[in-house]
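Here is how the chains run, residue by residue.
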Amino acid sequence: MVKPEILILLASPRGFCAGVDRAIQIVERALEKYGTPVYVRHEIVHNRTVVQDLESKGAVFVDDLDQVPADAPVVFSAHGVAKSVPAEATRRGLIQVDATCPLVTKVHREADQHHKAGRAIVLIGHSGHPEVEGTLGQLPKGAMHLVETPSDAAALDLPDDAEVAFVTQTTLAVDDTAEVIAALKRRLPNLIAPRKEDICYATTNRQNAVKAIAERCDAMVVIGAPNSSNSVRLTEVAQQSGCPYAVLVQGPDDMDWDKFQGAATVGITAGASAPEVLVGQILEAFHQRFEVTVEEVA
């Protein structure tokens with residue numbers, strides 16, 4: 001049987017960002033230093049392959065600190081944590097290892113500086129995301145106002161003349177965030193922006209790489225977890241940039257191959273927490289079904 005031909009456009013950059021790579025190394029070094037088990041509060045990054053690999057080495061992932069035995073080492077995930085978490089860890093005598101991405105820490109410091117200056121603070125982000133929960137938890141309750149959409153921004157209950165600054169979650173879609181910022185500026189003309197954009201450069205670069213190939217693609221495969229904000233955003237960016245079909249998968253087993261029948265050109269990218277081994281597995285799955293030509297687009 002003759003396999004149909006298909007062109008795969010491999011987006012570059014893709015996959016692990018520096019903050020994710022750093023967080024994984026921190027867990028591995030903690031295991032070397034303290035031995036097993038090392039406890040990790042929440043997923044170190046949003047990827048089951050990474051989590052399973054670290055579990056095989058002796059990491060234990062927990063939802064809450066009360067699951068960590070006294071005097072044990074505990075690693076805080078790359079997404080960052082509320083100030084109450086290390087305070088509780090100190091109270092319980094736990095050995096603390098902070099794997100928070102430095103770009104998330106930058107947002108925390110900005111929020112703290114604005115709060116000390118007496119400003120109201122708006123956080124643009126997705127409710128319930130671990131990074132957002134951690135950022136909100138840097139300040140007393142009510143000091144930060146979370147907005148997700150332009151309509152949220154327009155409805156903000158703040159005086160027109162209030163001194164207000166905004167910060168953002170680091171893994172948002174650049175274009176969507178620009179719309180929210182524009183709505184905030186219409187609502188609050190004196191709005192203070194971050195000195196340097198909060199959206200992570202790796203998030204921006206990966207979105208730009210998807211935009212560069214989306215119009216050429218009949219379909220786009222984004223490799224990442226469904227709870228990975230930056231991976232979900234990549235899928236949305238592909239659709240918004242002219243790709244008729246974009247799908248988020250965690251690996252080859254998630255692929256609906258019927259959707260790729262008749263496709264001449266397929267794009268592949270990976271979220272910032274997805275290891276390159278998964279890209280290889282997806283490519284191998286295409287090779288089994290198609291006569292594949294791969295073009296890497298940087």
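Above: the structure in question.
### A closer look at unusual backbone geometry
1) Next: Along the chain, serine 12 connects to proline 13 via a cis peptide bond; the corresponding omega equals 5°.
2) Next: Positionally, proline 13 belongs in the loop between strand S1 (5-11) and helix H1 (18-34).
3) Next: Within the chain, aspartate 71 stands out as a residue other than glycine whose phi angle is a positive 70°.
4) Next: Note that aspartate 71 resides in the loop between strand S3 (59-62) and strand S4 (73-76).

### A few points about the packing of aromatic side chains
1) Next: According to the stated counting rule, one finds 5 aromatic pairs in the structure shown.
2) Next: Arranged with centres 5.9 Å apart and planes meeting at 75°, the rings of tyrosine 245 and phenylalanine 260 form a pair that is edge-to-face. Placement of tyrosine 245 in the loop between helix H9 (229-240) and strand S10 (246-249) and of phenylalanine 260 in the loop between S10 and strand S11 (265-270) is noted, with a sequence separation of 15 residues between them.
3) Next: Ring centres of phenylalanine 260 and phenylalanine 286 lie 5.5 Å apart, and the angle between their planes is 90°; this geometry places the pair in the edge-to-face category. Here phenylalanine 286 lies in helix H10 (residues 276-289) and phenylalanine 260 lies in the loop between S10 and S11, a separation of 26 residues in the sequence. Accessibility classification places phenylalanine 260 together with phenylalanine 286 in one group, the buried group.
4) Next: Among the aromatic side chains, those forming a connected cluster through ring pairs are Tyr245, Trp257, Phe260, Phe286 and Phe290.

### Notes on the pattern of salt bridges
1) Next: For the structure on display, the rule yields 13 salt bridges.
2) Next: Residue lysine 57 is joined to glutamate 28 by a salt bridge in which the shortest nitrogen-to-oxygen separation is 2.8 Å. Pair noted here: lysine 57 is in helix H2 (residues 48-57) and glutamate 28 is in helix H1, with a separation of 29 residues, a long-range link.
3) Next: The class for lysine 57 is partly exposed, based on a relative accessible area of 38%.
4) Next: Glutamate 28 sits in the partly exposed class, given a relative accessible area of 25%.
5) Next: Between lysine 106 and glutamate 110 there is a salt bridge, with the nearest N and O atoms lying 3.1 Å from each other. Placement of both lysine 106 and glutamate 110 in helix H4 (residues 102-116) is noted, with a separation of 4 residues, approximately one turn of the helix.

### Re H2
1) Next: Those residues of H2 that fall on the buried side of the exposure criterion are Val50, Val51 and Leu54. Considered in projection along H2, the buried side chains sweep an arc of 95° and stay on one side of the axis.
2) Next: Turning to H2, the residues buried within the fold contact H1 and S3.
3) Next: For H2, the capping residue at the N-terminal end is asparagine 47, with a side-chain oxygen 3.0 Å from the backbone nitrogen of threonine 49.
4) Next: Following H2 by one or two positions, glycine 58 adopts a phi angle in the positive range, close to 120°.

The rules behind each value
- Residues numbered from 1 in each chain as written.
- Predicted model: local features only at pLDDT ≥ 70, side-chain atom pairs only at ≥ 80, totals over all residues.
- Heavy atoms only, no water.
- Helix = DSSP H or I, 4+ residues; strand = E, 2+ residues; numbered from the N terminus.
- Phe/Tyr/Trp six-rings, centres within 6.5 Å; stacked < 30°, edge-to-face > 60°.
- Buried < 20%, exposed > 50% of the residue type's maximum accessible area, 1.4 Å probe, protein only.
- Salt bridge = Lys/Arg side-chain N within 4 Å of Asp/Glu carboxyl O.
- Arc of directions from axis to C-beta.
- Contact = heavy atoms within 4.5 Å.
- Polar contact = N/O pair within 3.5 Å; in protein donor to acceptor, adjacent residues only side chain to side chain.

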